[in-house]
Amino acid sequence: MGLDRLDNIMKRLRDRETGCEWDSVQTFETIAPYTIEEAYEVADAIQRGDMDALVDELGDLQLQVVFHARMAEEAGHFTLQDVLTRISDKLERRHPHIFGEAEEGGHHLWEVIKAEERSKLDDKSALAGVALALPALERAMKLQKRAARTGFDWPDIDGPKAKIREELDEIASAPPEELEEEVGDLLFAVVNFARFLKIEPEEALRKANRKFETRFRKIEQAPGFAEMDLDQMEELWVAAKKASVEA
């Protein structure tokens, strides 16, 4: 009932004559950035442990699904019910040990079934289906994992470590017009290193961002901060770091 109500609200908002002047003119392309933003806001509420905010953010994310489905129905592509049917079918298909007759399940079986599904696509590459819109660090990790399944991978962690050193050397000698590419190669190598350590680079960087923000907000409150030189600021930074470790 709740989903039907939301769908009907969006239908009214999208009406070209009596609807909202903003909602009625949106397209898949204009709404996509909001969809990505809402997913991040869900993750942020979870990380903060704010369940009241999570209720709101999950609603905002659900609205994005309904918004896209409504535009698709208007264009004759598919309906919200098609979306719900497709995901329900997929979940049942990928859990044959629950909904079928398979004796064992688990993540390995899920990946096997996904691989079988990809084999039926026109794009036969092991990298097929890795979304372009993913955050760059996350997409790099997924590309590397897919390639590794084919055997294209370092035998141990020494390979990624050496690759990082190699990329640093290339940055040091690169002309200005090649720096962006070389820095990209370095970041890709760091993601590979994180993969061998079984660390999600996107999450690791988010935590590093939060840590930096917390410490910087603390030191910038010091009297006269704006007039300090770098050495004085560094002293405050070291003290803030020590305090956070001891806390």
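Residues numbered from 1 in each chain as written. Predicted model: local features only at pLDDT ≥ 70, side-chain atom pairs only at ≥ 80, totals over all residues. Heavy atoms only, no water.

- As annotated in an unreviewed UniProt entry, the protein chain is Nucleoside triphosphate pyrophosphohydrolase from Sphingomonas brevis.

**A look at the packing of helix α2 (residues 28-48) against helix α3 (residues 51-74)**
- Taken N-terminus to C-terminus, the directions of α2 and α3 make an angle of 160°; their axes are 9 Å apart at the nearest point. Relative to α3, the element α2 is oriented roughly antiparallel. Considering only the axes of α2 and α3, their crossing is left-handed. Residues F28, I31, A32, Y34, T35, E38, A39, E41, V42, A45, I46 and R48 of α2 touch α3, and the partners they reach there are A53, L54, E57, L58, D60, L61, Q64, F67, H68, M71 and A72.
- Classifying every residue of the contact of α2 with α3 by side-chain character gives 15 nonpolar, three polar and five charged. (Axes fitted to C-alpha atoms, helices over the stretch in contact; angles between N-to-C directions. Helix = DSSP H or I, 4+ residues; strand = E, 2+ residues; numbered from the N terminus. Parallel < 35°, antiparallel > 145°, perpendicular 65-115°, else oblique. Left-handed = near helix turned anticlockwise from the far one by under 90°. Contact = heavy atoms within 4.5 Å. Nonpolar A, V, L, I, M, F, W, Y, C, P; charged D, E, K, R; others polar.)

**Quick notes on the pattern of salt bridges**
- The tally for this structure, following the rule as stated, stands at 12 salt bridges.
- In this structure, E202 and R206 form a salt bridge, with 3.9 Å as the shortest nitrogen-oxygen distance. Taken as a pair, E202 and R206 lie in helix α10 (residues 201-219) at a separation of four residues, close to a single helical turn.
- Given the relative accessible area of 16%, E202 is considered buried.
- Assessed through its relative accessible area of 24%, R206 is described here as partly exposed.
- With a shortest N-O distance of 3.2 Å, R206 and E203 are connected by a salt bridge. (Salt bridge = Lys/Arg side-chain N within 4 Å of Asp/Glu carboxyl O. Buried < 20%, exposed > 50% of the residue type's maximum accessible area, 1.4 Å probe, protein only.)

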